[in-house]
Amino acid sequence: MANLRDVARQAGVSAATVSRWLNGSLNLPEQTRTAIQDAIQALNYRPNPYARSLSRGRTDTLCMVVPDIKVPFFAALAAAVENASFNREVGLQLSVTLNRPGREMRYLESVAARHVDGVIFVTNHAEVAPLAQQIRKARRVVVMDEDIPGAVAPRLFCDNHQGGRLAGAHLTRHGHRQIAAIGVGDDMLSGTRRFDGFRQAVLEAFPDAEIQRESGVYTIEDGRRMTQALLDRGRPFTALFAMSDEMVTGALQVFAERGIRVPQDVSVVGFDDILPLDMFSTPITAVRQPVEALGQKAVELLLDTDWDDPAALAVEHLLPVTLIERSSVAFVSTKNQATDQQENPT
C-alpha cells in the first residue's frame, strides 16, 4: 500500500509538501498540484484520516447530544445531522443522555477537553443553569431545539411561534372557537412559543374564543393524561392542538377509547410530522418541522462559526415550518356537537 513518501517521490516533491497540501495549509502552482493528484491516483493512495486530523490540530469529529434516540423526532434529527456531517467529511459521535444532567455535563466536557471539535446539544428539560456554565467553558457548542438561557452559543430552532400560528389559523378558518391545546409548559421555549403563536392566531380570528390548555411532556403517556384531563373537566372543545407526534398518538388513543371520532366530533392538528401521520386511519394535519434543513444548518454553524466573534455566538437562527393539511380538521358547521359526543360516549 502506497504511503505519503511514495506519493512525494512520484510527484517530485517533498513529503512535507504533500502533507501540507492535503491538509489545506499550503498553496501550490497548478503544475505541482496536478503532479500530486496524478501520483495519488496512480498509486491509489488513501490518506490516514487520524494522522491528517492530528496534523491539523483537530479531530474531524463532531458530537451530537440528544435526550433519547427512541423518540422519532430526535432519531430523525440525528440522521439529518449525520448526513450533513458526512457531506462535510467529518465524523459524528452520537451521545444519548436520557435527560440525566450528569451525562449532559460529561458530554459537554468532551469538547472542552478537545476530544471532539464541537457539540450539537439538545436537551428537553428545564433545569439548565449548570449546562449554561459548562457551555460557556466548552465554547464550540450549538444549542438546538430547546433554549438554554445564559448559554453563550449560537442557537438553532424551528419557528415554533409561526408553527403555533399556522395551527391556530387553520382551525379558526374552519370555524373553531372552543379549542384545547396540549403541550409542554412555559418553562420550555417550544411550549411557550407554540402556544403563544397558537393563541394569538385564534384570538385574532375570534376574540371571544375559549382556549383550554394542559401541560406535560412530549410523550404518548402524557398525551393520554392531558387529553383525559380535558375530557373529564367537562368543558367542551371542538378541536385539539397537540404539540408533538407523541401527544397526537396519546390523544387519539383516548378518543378511540371514548368513542370520539376525528374529525366528526373533534378536529386535530399536530406538530412535528415525523411519524407517518398520513397513514393513520384519519390522516392527521400537522405542522412539519424542517428536520433535514435543521441538521444541515447545525453542522454548518458548528464548522463555519467564528468562535472568537461575540456577535456570532449571540445569533438565534429560526427555520420555517410548514402546515401539512390532511383530513383531521372539519368545519364546525358540518360536525356533530362535540359536547354530546364527549359527555355521552358510545
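Everything discussed here concerns the structure shown above.
Scope of this entry: the structure provided in the associated data block.

Conventions and cut-offs
Residues numbered from 1 in each chain as written. Predicted model: local features only at pLDDT ≥ 70, side-chain atom pairs only at ≥ 80, totals over all residues. Heavy atoms only, no water. Core = buried A, V, L, I, M, F, W, Y, C linked by side-chain atoms within 4.5 Å. Buried < 20%, exposed > 50% of the residue type's maximum accessible area, 1.4 Å probe, protein only. Helix = DSSP H or I, 4+ residues; strand = E, 2+ residues; numbered from the N terminus. Contact = heavy atoms within 4.5 Å. Polar contact = N/O pair within 3.5 Å; in protein donor to acceptor, adjacent residues only side chain to side chain. Salt bridge = Lys/Arg side-chain N within 4 Å of Asp/Glu carboxyl O. Expected span 1.5 Å × (residues − 1). Axes fitted to C-alpha atoms, helices over the stretch in contact; angles between N-to-C directions. Parallel < 35°, antiparallel > 145°, perpendicular 65-115°, else oblique. Left-handed = near helix turned anticlockwise from the far one by under 90°. Nonpolar A, V, L, I, M, F, W, Y, C, P; charged D, E, K, R; others polar. Pairing = 2+ DSSP bridges. Phe/Tyr/Trp six-rings, centres within 6.5 Å; stacked < 30°, edge-to-face > 60°. Lys NZ or Arg CZ within 6 Å of the ring centre and 35° of its normal.

With that settled, the discussion passes to the nonpolar core. Considering soluble globular proteins, one finds that nonpolar side chains tend to be buried as a cluster. Core analysis: the biggest nonpolar cluster contains 43 residues, and Ile182, Phe198, Phe237, Leu240, Phe241 and Phe255 have the highest contact counts within it. Elements supplying a minimum of two residues to this core: helix H8 (160-173), strand S6 (178-184), helix H9 (189-205), helix H10 (220-233), strand S8 (239-242), helix H11 (245-257), strand S9 (267-272) and strand S10 (285-288). The dominant element in this core, judged by the number of residues it contributes, is H11, at 6 residues. In contact with Phe198, not counting residues within four places along its chain, are Gly164, Arg165, Ala167, Gly168, Leu171, Ile179, Ala181, Ile211 and Phe241.

What follows is about the environment of Trp307. By secondary structure assignment, the location of Trp307 is in the loop between helix H12 (291-304) and helix H13 (310-313). Each C-alpha atom of the pair Trp307 and Arg173 lies 46 Å from the other, and the pair is 134 residues apart in sequence. Residues in contact with Trp307, not counting those within four places in the same chain, are Arg139, Arg140, Val141, Val142, Pro154, Leu301, Leu302 and Leu313. Side-chain polar atoms of Trp307 contact the backbone oxygen of Leu302, separated by 3.5 Å.

With that settled, consider the side chain of Asp273. Of note, Asp273 is situated in the loop between S9 and S10. Discounting residues that sit within four places of it in the chain, Asp273 has contacts with Asp245, Ala286, Val287, Arg288, Ile324 and Arg326.

Going through the model one piece at a time under the given rule, you end up with 19 salt bridges. Linking Arg177 and Asp208 is a salt bridge whose minimum nitrogen-to-oxygen distance equals 3.1 Å. You can see Arg177 sitting in the loop between H8 and S6 and its partner Asp208 sitting in the loop between H9 and strand S7 (210-216), a full 31 residues away along the chain. The exposure class assigned to Asp208 is exposed, which follows from its relative accessible area of 59%. The partner of Glu214 in a salt bridge is Arg233, with the nearest N and O atoms 2.0 Å apart. Here Arg233 lies in helix H10 and Glu214 lies in strand S7, a separation of 19 residues in the sequence. For Arg233, a relative accessible area of 34% translates into the label partly exposed. Counted as one network, the salt bridges with shared partners bring together Asp273, Arg288 and Arg326.

Another point: H8. For H8, with 14 residues, the first-to-last C-alpha span of 20 Å sits near the 20 Å given by 1.5 Å per residue. Residues Asn160, Gly163, Gly164, Ala167, Gly168, His170, Leu171 and Thr172 constitute the buried set of H8. Following H8 by one or two positions, Gly175 adopts a phi angle in the positive range, close to 90°.

Turning to the packing of helix H5 (residues 72-87) against H12, a few remarks are in order. One can describe the packing of H5 onto H12 by two numbers: an axis separation of 8 Å at closest approach and a directional angle of 50°. Between H5 and H12, the angle is such that the two are oblique. Here H5 runs over H12; the crossing is right-handed. The residues of H12 that touch H5, namely those facing Phe73, Ala76, Leu77, Ala80, Val81, Asn83, Ala84 and Ser85, are Val291, Glu292, Leu294, Gly295, Gln296 and Val299. For the contact of H5 with H12, the residue count by class is 9 nonpolar, 4 polar and 1 charged.

So, on to the pairing of S9. Burial of S9 is extensive: 6 of the 6 residues sit out of reach of the surface. As paired elements, S8 and S9 share 3 bridges and run parallel to each other. If you follow Leu240 over to S9, its bridge partner there is Val268. Bridging between S9 and S10 involves 4 bridges; their strand directions are parallel. Its bridge partner being in S10, Phe271 is matched across the sheet by Val287.

Checked against the element boundaries, Gln162 lands in helix H8. The partly exposed category is assigned to Gln162, whose relative accessible area is 33%. Separated by 39 residues in the primary sequence, Gln162 and Ala201 have C-alpha atoms spaced 9.5 Å apart.

A word on H9. Compared with the 24 Å implied by 1.5 Å per residue over 17 residues, the 25 Å span of H9 between its first and last C-alpha is a close match. Where H9 is concerned, the buried positions are Leu189, Ser190, Gly191, Arg194, Phe195, Gly197, Phe198, Ala201 and Val202.

The next subject is the packing of aromatic side chains. Under the definition given, this model contains 4 aromatic pairs. Plain terms: the ring middles of Phe195 and Phe198 are 6.4 Å apart, the flat faces sit at 40° to each other, and that makes the pair tilted. With Phe195 and Phe198 both in helix H9 and 3 residues apart, this pair spans about one turn of that helix. A residue is classified by how much of its surface remains accessible, and Phe198, at 0% relative accessible area, is buried. Ring pairs connect the aromatic residues Phe195, Phe198, Phe241 and Phe271, which therefore count as one cluster. Above the plane of the ring of Phe271 lies Arg194, whose end atom (NZ or CZ) is 3.8 Å from the centre. The ring of Phe195 has Arg213 lying over it, and the distance from NZ or CZ to the ring centre is 4.1 Å.

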